[in-house]
Amino acid sequence: MIKINGFDFIDGGVCAAKGFTASGVIAGIKAGNTTKRDLALIKSSVRCKTAALFTRNKVKGAPILVCKEHLNDGYAQAVIVNSGNANTCNSNGIEIAEQMCSLAAEALGLDKDDILVGSTGVIGQKLSIEPIKAVIPELAASLSENGSPLACEAIMTTDTRKKEFAVEFELDGKKCRVGGISKGSGMINPNMATMLAFITTDVAINGELLEMALRKVCGVTYNMVSVDGDTSTNDTLILMSSGLAENKEIICEDESYEIFVNALYAVMMNLARETARDGEGATKLIECVVSGAPDENTAKTVAKSVISSSLVKAALFAADANWGRILCAIGYADAEFDISKTAVDLASEKGEIAVCENGAGVDFSEDKAKEILSEEEIKILVNLNSGDSSAIAWGCDLTFDYVKINAEYRT
């Protein structure tokens, strides 16, 4: 079981771990926008063991193809990221992504193959290298240990809030840290990550275990988020380890490895949760907790099914305790269990109320249910009463503003 207790949350975001600096500047990548930071840079003082996961969408942004090539040796030292344009489905996309890496490498005095690249924004519009080239000197010169908020702002598109977390803990008597930044608000239905997420650590760890930890934690964090059912073409999740904490290198799945996995979970779970909270047009964070499942996969499948349902999301926007929609979403989940044993409760800071037992409705106060569902954070508690496994998924309500934002996205 992955735990979150025992870690101190600290400031610093992606720069909290030893050796990392970041920056974010205004390049004017999106025509007419000269007030928003839209180009970010994250750099380590040393080459880092690096693991990454990317979208499973058959349409992949050019930056993903370049990142995969640059990660053949499992190392990287910096990441350059732009918002405002996804650099996807462009005939010269790979050329532009490689140029971004070359420009960053030249400014930082690094090898181009040690630079990774990410892009987010409108799909199918050509990305000019000129505005990026013009601000590269400023981007590199402004790298700072306090630069996480600026980098975080620079990768945002329709996001309404910055997403950055960091934790501190000890291994072998050495102070260690894991931190990160993330963006994502719409086109969120990850089958591996989120829109863009960059995680750093100073823990010394074997490269294979670093990737193993990333996959494990991603499976119970970013994979358990859905805003709108659309999987992005540019989903990128990168984890870099500087190893500068000077702990004894983790080379097996021992206690130190488990502590590292839990620290990674503490950061990634909060980033994923904030992604759901910040869904386009969202007014409520929805957390579905499934317990009593026969196995973890069933629990995860049911939880994801509930928070992905447009009908459930719309009902919760209106604070309507339409439990039938929840049971319907549980019922079409691709998993085997006895629906006649299923119970559903609704909860928030205003209390908890049972709405379904043994697969059937029970009498409850509609007024109390509406009071519970009018809060900004809502929990749907599902008990399958068929085992000991559990899972959590995160989503948001479906509002009028979601349609408005996406109807006007290119303008």
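Residues numbered from 1 in each chain as written. Predicted model: local features only at pLDDT ≥ 70, side-chain atom pairs only at ≥ 80, totals over all residues. Heavy atoms only, no water.

Caption draft 1: Just the overall build of the chain, in detail. The helix and strand tally for the chain stands at 11 helices and 15 strands. For 411 residues, the compact-globule formula gives about 22 Å, and the C-alpha radius of gyration of the chain, at 22 Å, lands near that figure. Across its three principal axes, the chain shows a C-alpha extent of roughly 70 × 55 × 35 Å. By residue count, 55% of the 411 residues in the chain fall in the buried class. A separation of at least 24 residues holds for 80% of the contacts in the chain among residues at least 6 apart in sequence. Here the chain displays about 16,600 Å² of accessible surface, and carbon together with sulfur accounts for 47% of that area. With 39 positive and 57 negative side-chain charges, the chain shows a separation of 3 Å between the mean positions of the two kinds. (Helix = DSSP H or I, 4+ residues; strand = E, 2+ residues; numbered from the N terminus. Rg over C-alpha atoms; globule rule 2.2 N^0.38 Å. Buried < 20%, exposed > 50% of the residue type's maximum accessible area, 1.4 Å probe, protein only. Contact = heavy atoms within 4.5 Å. Areas by Shrake-Rupley, 256 points an atom, 1.4 Å probe, with all protein chains shown as cover. Lys, Arg positive; Asp, Glu negative; His and termini not counted. Charge placed at Lys NZ, Arg CZ, Asp CG, Glu CD.)

Caption draft 2: Local environment of the packing of aromatic side chains. Going through the model one piece at a time under the given rule, you end up with two aromatic pairs. A ring pair is formed by phenylalanine 7 and phenylalanine 169, whose centres lie 5.6 Å apart and whose planes are at 85 degrees; its orientation type is edge-to-face. With phenylalanine 7 in the segment before β1 (8-9) and phenylalanine 169 in strand β6 (residues 163-171), this pair connects stretches of sequence that are 162 residues apart. Owing to a relative accessible area of 7%, phenylalanine 169 belongs among the buried residues under this scheme. (Phe/Tyr/Trp six-rings, centres within 6.5 Å; stacked < 30°, edge-to-face > 60°.)

Caption draft 3: Quick peek at the packing of helix α5 (residues 207-219) against helix α6 (residues 255-277). At a minimum axis distance of 10 Å, the contact between α5 and α6 shows a crossing angle of 45 degrees. Judged by the angle between their axes, α5 and α6 are oblique. Of the two possible hands of crossing, α5 and α6 adopt the one that is right-handed. Contact residues: Leu209, Leu210, Met212, Ala213, Leu214, Lys216, Val217 and Cys218 in α5; Tyr257, Glu258, Phe260, Val261, Leu264, Tyr265 and Met268 in α6. Class assignment of the residues belonging to the contact of α5 with α6 gives a composition of 13 nonpolar, no polar and two charged. (Axes fitted to C-alpha atoms, helices over the stretch in contact; angles between N-to-C directions. Parallel < 35°, antiparallel > 145°, perpendicular 65-115°, else oblique. Left-handed = near helix turned anticlockwise from the far one by under 90°. Nonpolar A, V, L, I, M, F, W, Y, C, P; charged D, E, K, R; others polar.)

Caption draft 4: Representation of the nonpolar core in the model. Counting residues in hydrophobic clusters, the biggest one holds 76 residues, and the most contacted among them are Phe260, Ile330 and Ile380. Tallying contributions element by element places α6 first for this core, with 13 residues. Among the nonpolar cores identified, the runner-up in size contains 52 residues, and Cys48, Leu103, Ala104 and Ile238 belong to it. (Core = buried A, V, L, I, M, F, W, Y, C linked by side-chain atoms within 4.5 Å.)

Caption draft 5: Just unusual backbone geometry, in detail. Positive phi is not limited to glycine here, since asparagine 87 has a value of about 50 degrees. Residue placement: asparagine 87 occurs in the loop between β4 (75-85) and α2 (93-108).

Caption draft 6: Geometry of the pattern of salt bridges. Throughout the structure, instances matching the rule amount to 15 salt bridges. Bridged by salt links that share partners, the residues Arg273, Glu287, Glu377 and Lys379 form one connected network. (Salt bridge = Lys/Arg side-chain N within 4 Å of Asp/Glu carboxyl O.)

Caption draft 7: Up close: empty space enclosed by the protein. Within the structure shown, the criterion is met by one cavity of 30 Å³ or more. Empty space within the largest cavity amounts to approximately 40 Å³. Lining the largest cavity are Val312, Ala315, Leu316, Asp320, Ala321, Asn322, Trp323, Ile326 and Leu346. The set of elements that each furnish at least two residues to the lining of the largest cavity consists of α8 (310-317) and α9 (323-331). For the lining of the largest cavity, the class distribution of residues is seven nonpolar, one polar and one charged. (1 Å grid on protein atoms, 1.4 Å probe; cavity = no way out; pocket = protein on both sides within 12 Å on 5 of 7 lines; lining within 4 Å. Points joined across faces, edges and corners; volume = space filled by probe spheres on them.)

Caption draft 8: Here's a closer look at the state of the cysteines. For the coordinates displayed, the defined rule picks out zero disulfides. Of the cysteine sulfurs around cysteine 152, a residue in no disulfide, the closest is that of cysteine 15, at 11 Å. (Disulfide = S-S within 2.5 Å.)

Caption draft 9: Main features of a negative patch on the surface. A grouping of Asp172, Glu253, Asp254 and Glu255 is seen on the molecular surface, where their side chains present a negatively charged patch. For glutamate 253, the location among the structural elements is in the loop between β9 (236-241) and α6. (Patch = residues over 30% accessible without salt bridge, like charges linked within 9 Å, V, L, I, M, F, W, Y side chains within 5 Å.)

Caption draft 10: Spotlight on the sheet that holds strand β10 (residues 285-293). Pairing is mixed in the open sheet, where six strands are placed in the order β13-β12-β11-β14-β10-β15. The two strands at the open ends of the sheet, each matched to only one other strand, are β13 (360-361) and β15 (389-396). Both β10 and strand β14 (residues 377-383) contribute to a ladder of seven bridges, which runs parallel. The residue bridging glutamate 287 from the neighbouring strand is lysine 379, located in β14. Across the face of the sheet, α9 comes into contact with β11 (343-348), β12 (351-357), β13 and β14 while running at roughly 125 degrees to β11. (Pairing = 2+ DSSP bridges.)

Caption draft 11: Local environment of the packing of α2 against helix α3 (residues 130-141). The interhelical angle for the contact between α2 and α3, taken along N-to-C directions, is 35 degrees, at an axis separation of 10 Å. Along this stretch, α2 crosses α3, giving a crossing that reads as right-handed. Together, Met100, Leu103, Ala107 and Leu108 of α2 and Ile132, Lys133, Ile136 and Ala140 of α3 make up the contact between the two elements. In the contact of α2 with α3, the residues fall into seven nonpolar, no polar and one charged.

Caption draft 12: A look at the side chain of threonine 88. Note on placement: threonine 88 falls in the loop between β4 and α2. On the basis of relative accessible area, threonine 88 is assigned to the buried category, the value being 0%. Polar side-chain contacts of threonine 88 include one of 3.1 Å to the backbone oxygen of alanine 86. For threonine 88, the contacting residues outside a window of four places in its chain are Val59, Lys60, Gly61, Ile123, Gly124, Thr233 and Asn234. (Polar contact = N/O pair within 3.5 Å; in protein donor to acceptor, adjacent residues only side chain to side chain.)

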